[in-house]
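# Remarks on the overall topology
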Amino acid sequence: MAERRTVRRQLRLLPVVPSVLLLLLFLAAPVLWSFHASFTNAALTGRNARNPAWTGVENYVRLLSDPAFPAAVLLTIVFVVASAVVGQNLLGLLIAGLMTRARKPVSAVVGTAVVAAWVLPEIVAAFAAYAYFSKDGTLNQLLGNAGAAGADWLYAYPMVAVVLANIWRGTAFSMLVYRAALADVPRDISEAALMDGASGWQRLVFITLPLIRSSIATNLMLVTLQTLAVFTLIWVMTAGGPSNASTTLPVLAYQEAFKFGDIGYGTAIASVLIVLGLVFGIGYVRLLKGDKR
Amino acid sequence: MRTTGRPPLAVASRRATRRGVASPGFRRARTPADAALLLIGACFVLPLLWLVFASLDTTAGYQTQLPASASLDNFAAVLTPDLLLGPLWNSLLLSAGTATVTLAAAVLAAYPLSRFQSRFNRPFMYSILCGTCLPITAIMVPVYGLFVQLRLLDSLPATVLFLAATSLPMAIWMTKNFMDAVPVSLEEAAWVDGASGLTALRSVVLPLMRQGLGVVFIFVFIQTWGNFFVPFILLLSPSKQPASVSIFSFFGQHGAVAYGQLAAFSILYSVPVLVLYVLVARGAGGSFALSGAMKG
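The sections below set out a description of the structure shown in this document.

Cut-offs applied
Residues numbered from 1 in each chain as written. Chains lettered and ligands numbered in written order. Predicted model: local features only at pLDDT ≥ 70, side-chain atom pairs only at ≥ 80, totals over all residues. Heavy atoms only, no water. Helix = DSSP H or I, 4+ residues; strand = E, 2+ residues; numbered from the N terminus. Buried < 20%, exposed > 50% of the residue type's maximum accessible area, 1.4 Å probe, protein only. Contact = heavy atoms within 4.5 Å. Areas by Shrake-Rupley, 256 points an atom, 1.4 Å probe, with all protein chains shown as cover. Expected span 1.5 Å × (residues − 1). Bend = angle between axes of the 7 residues up to and from the residue. Core = buried A, V, L, I, M, F, W, Y, C linked by side-chain atoms within 4.5 Å. Polar contact = N/O pair within 3.5 Å; in protein donor to acceptor, adjacent residues only side chain to side chain. Axes fitted to C-alpha atoms, helices over the stretch in contact; angles between N-to-C directions. Left-handed = near helix turned anticlockwise from the far one by under 90°. Nonpolar A, V, L, I, M, F, W, Y, C, P; charged D, E, K, R; others polar. Buried area = accessible area lost by both parts, 1.4 Å probe. Salt bridge = Lys/Arg side-chain N within 4 Å of Asp/Glu carboxyl O. Phe/Tyr/Trp six-rings, centres within 6.5 Å; stacked < 30°, edge-to-face > 60°.

In terms of helices and strands, chain B carries 15 helices and 0 strands. When the 296 residues of chain B are sorted by exposure, 51% land in the buried category. Here the analysis covers contacts within chain B between residues at least 6 apart in sequence; of these, 72% occur between residues at least 24 apart. Total accessible area on chain B stands at roughly 13500 Å², and carbon and sulfur atoms take up 66% of it.

Pasting the structure below:
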């Protein structure tokens, strides 16, 4: 009797099977395969494509001695911190904050403009950003009109260009998250503080920010992870160049694996990226769990 | 939209009087806020201006300029089966297929997670959450390898399945949250009448969460429609490539770029997702859906 009940209980989980199969086959298996392949000399073509040999930690040793790798790690960190953690996050908060004060039509129009950059297909956004920063692009036209000398941004300052482009593209997400969070802040509290003579800054730092703490944490984590994976924007704008000056980890992994056909080495780089993502992911899960208590 | 929080009239007027009493400066603070917002908005619009102007200009370059003589020639030039319609059809197949598979799998998975207590629930939901954190760019190399081994390269259905797997974690979270909002008591009547779980799901639960299902479907659709990297790696033959990949046909062999046509193509390719996004934002609220996805 009890056994039959257990069986019936387990049958209830049957509908989960299609999802689990899809996730195992297309997400879990590639992750495991990636870690495995990173210890081999697997290649896209040639002899090593058919019979890859186990090479142990050779790929990782090569990574450490390859000057492109630490540079890519550094550029990835710069890209994530500058464009997501600082740029998108703070600008999103600023826009959401201004929206609570501005007139309604103004915030509706500006909100639409910000969201438009985000909803566009990524390749279109990437082309628009490329045109904007290119040598005869809109930015230099504007600078020229203002009497300032422009630069060939994509060659002289590729990281500046891709960071700004990613801020432009991604801020809408933070803006939406913070608009929802700010709308849930009870008016009474900040109004009471206003009556007590708290300045705008004081209200922001001591009342609003603590109240939306969990939204800030969630948003930081999500934009960090999204930005960690950005490939198309950088690839279209600079292709990682000139001479690796804007090669982040996803671009480097793509180049090694698909351009140079070195799957083993490419997966080693990808594995580093996966570990980075998992570290963030586990931290995120812990944060959420902590919130529940 | 729920989150812009149109306050009830009474609250609004109370707020207005309080503001007037407590701080006369509050009213003045609106104009600087408006100005700052408009400035930021202008910065966001600027990169898009090129797209619009160049699409109307037959002699367009990367400069943003009002077209000397505006014409729809660029649009006419790209509106051919080869250039635009075929790739858009592929995009549609890819996005609709992915959204359908994702939604079906997510609904099935969310039902037991939402309705029955099990010790598997929590670990499953948290591993799913980790799945949403996986940078997809990082697993493209092994996925390419997997597709080569299984001889699935250049297969539209296989690409749909992979895209569905990548959007599943987020979709399961959203669907479960929408389903949790439907009271269990409504199904109990059906169970008493002898309906099985899945019958109750189909006849009671799903109709009640129609709007939520629409949000999930459109979210996945938009995501897939804009996805460049996955079809770029997994689909090889030009006849199967979606618009996100075929857009490169505007780049000639020797750096010659048909800028105007590129811009016109980009606009036509973007319109469907812009429309769908507006639908979501109007219907259920863009940030409502976000908060639905992020509730723990």
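Having seen the structure, we can now continue with the description.
Turning our eyes to something else, we now look at helix α10 (residues 158-183) of chain A. All names here are of chain A. End to end, α10 covers 38 Å across 26 residues, agreeing with the expected 38 Å (1.5 Å per residue, within 8%). Of all bends in α10, the biggest is about 45 degrees, found at G170. Within α10, 23 of the 26 residues are buried, leaving the element largely enclosed by the surrounding structure.

A few words now on the environment of A:T100. Residue and element names in this part refer to chain A. If you trace the backbone, T100 turns up in helix α5 (residues 68-101). Since its relative accessible area comes to 42%, T100 is described here as partly exposed. Distance in space between the C-alpha atoms of T100 and A183 is 8.3 Å, their sequence separation being 83 residues.

Its location among the elements puts A:S83 in helix α5. Taking relative accessible area as the criterion, A:S83 reaches 0% and is therefore assigned buried.

The next thing to look at is the nonpolar core. Counting residues in each nonpolar core, the largest one holds 163 residues, and the members touching the most others are A:F133, A:M237 and B:F162. In this structure, A:M237 is in contact with A:A126, A:A129, A:Y130, A:F133, A:L154, A:A161, A:V162 and A:A165, ignoring residues within four places of it in sequence. A:A96, A:Y178, A:L182 and A:I216 belong to the second-largest nonpolar core, a separate cluster that totals 8 residues.

For the rest of this paragraph, the subject is the side chain of A:S38. Residues and elements named next belong to chain A. With respect to the element layout, S38 can be found in the loop between α2 (17-37) and α3 (47-50). In terms of polar contacts, S38 uses its side chain to reach the backbone carbonyl oxygen of F35, at 2.7 Å. Ignoring any residue separated from it by four or fewer positions in sequence, one finds S38 in contact with G56, N59, Y60, G264, T267, A268 and S271.

Here we take up the environment of A:V272. Residue and element names in this part refer to chain A. Take V272: it is sitting in helix α16 (residues 263-292). The class of V272 is partly exposed, set by a relative accessible area of 23%. Along the sequence, V272 and L249 sit 23 residues apart, while their C-alpha atoms lie 8.6 Å from each other. Beyond its immediate chain neighbours, meaning those up to four positions away, V272 contacts Y60, L63, F69 and L249.

The subject of this paragraph is helix α8 (residues 156-180) of chain B. Residues and elements named next belong to chain B. Relative to the 36 Å expected for 25 residues at 1.5 Å per residue, α8 spans 34 Å between its end C-alpha atoms, a close match to the ideal helical length. Along α8, the sharpest kink reaches roughly 50 degrees, centred on L168 and followed within four residues by the proline P169. Counting buried residues in α8 gives 20 out of 25 residues, a clear majority hidden from the surface. Sitting at the head of α8, S155 places a side-chain oxygen 3.1 Å from the backbone nitrogen of A158.

The next thing to look at is the environment of A:L225. Position of A:L225 relative to the elements: it lies in helix α13 (residues 213-228). Relative accessible area serves as the criterion here: at 7%, A:L225 is assigned to the buried category. Sequence separation between A:L225 and A:L276 is 51 residues, and the spatial gap between their C-alpha atoms is 9.1 Å. Beyond its immediate chain neighbours, meaning those up to four positions away, A:L225 contacts A:G277, A:F280 and B:C133.

This part takes up the packing of helix α9 (residues 185-192) of chain B against helix α10 (residues 197-208) of chain B. All names here are of chain B. For the pair α9 and α10, the least separation of the axes is 10 Å and the interaxial angle reads 145 degrees. Where α9 crosses over α10, the handedness of that crossing is right-handed. Along its contact with α9, which presents L186, E187, A190 and W191, the element α10 presents G197, A200, V204, V205 and L208. When grouped by side-chain class, the residues that make up the contact of α9 with α10 number 7 nonpolar, 1 polar and 1 charged.

Between chain B and chain A, the contact holds 92 residues from the first and 93 residues from the second. The junction of chain B with chain A conceals about 8400 Å² of combined surface from both sides, 79% of it contributed by carbon and sulfur atoms. Between the two partners, chain B and chain A, sit 1 salt bridge. Counting the contacts that link chain B with chain A gives 5 residue pairs in polar contact (both at pLDDT 80 or more). Examining the composition of the side of chain B that touches chain A, we find that 17 residues originate from one element, helix α3 (residues 30-56) of chain B, more than from any other. Along the lines of polarity and charge, the residues of the side of chain B that touches chain A split into 67 nonpolar, 18 polar and 7 charged.

All right, on to the packing of aromatic side chains then. All names here are of chain A. What the rule picks out here adds up to 25 aromatic pairs over all chains. Each ring, one from W153 and one from Y157, has its centre 5.8 Å from the other, and the planes form 45 degrees; the classification is tilted. Residue classification places W153 among the buried residues on the basis of a relative accessible area of 18%. On the accessibility criterion, Y157 (43% relative accessible area) is partly exposed. Each ring, one from W235 and one from Y254, has its centre 5.9 Å from the other, and the planes form 75 degrees; the classification is edge-to-face. Taken together, the positions of W235 in helix α14 (residues 232-237) and Y254 in helix α15 (residues 249-259) put the pair 19 residues apart, joining distant regions of the chain.

By themselves, these are just geometric observations and shouldn't be taken as functional.
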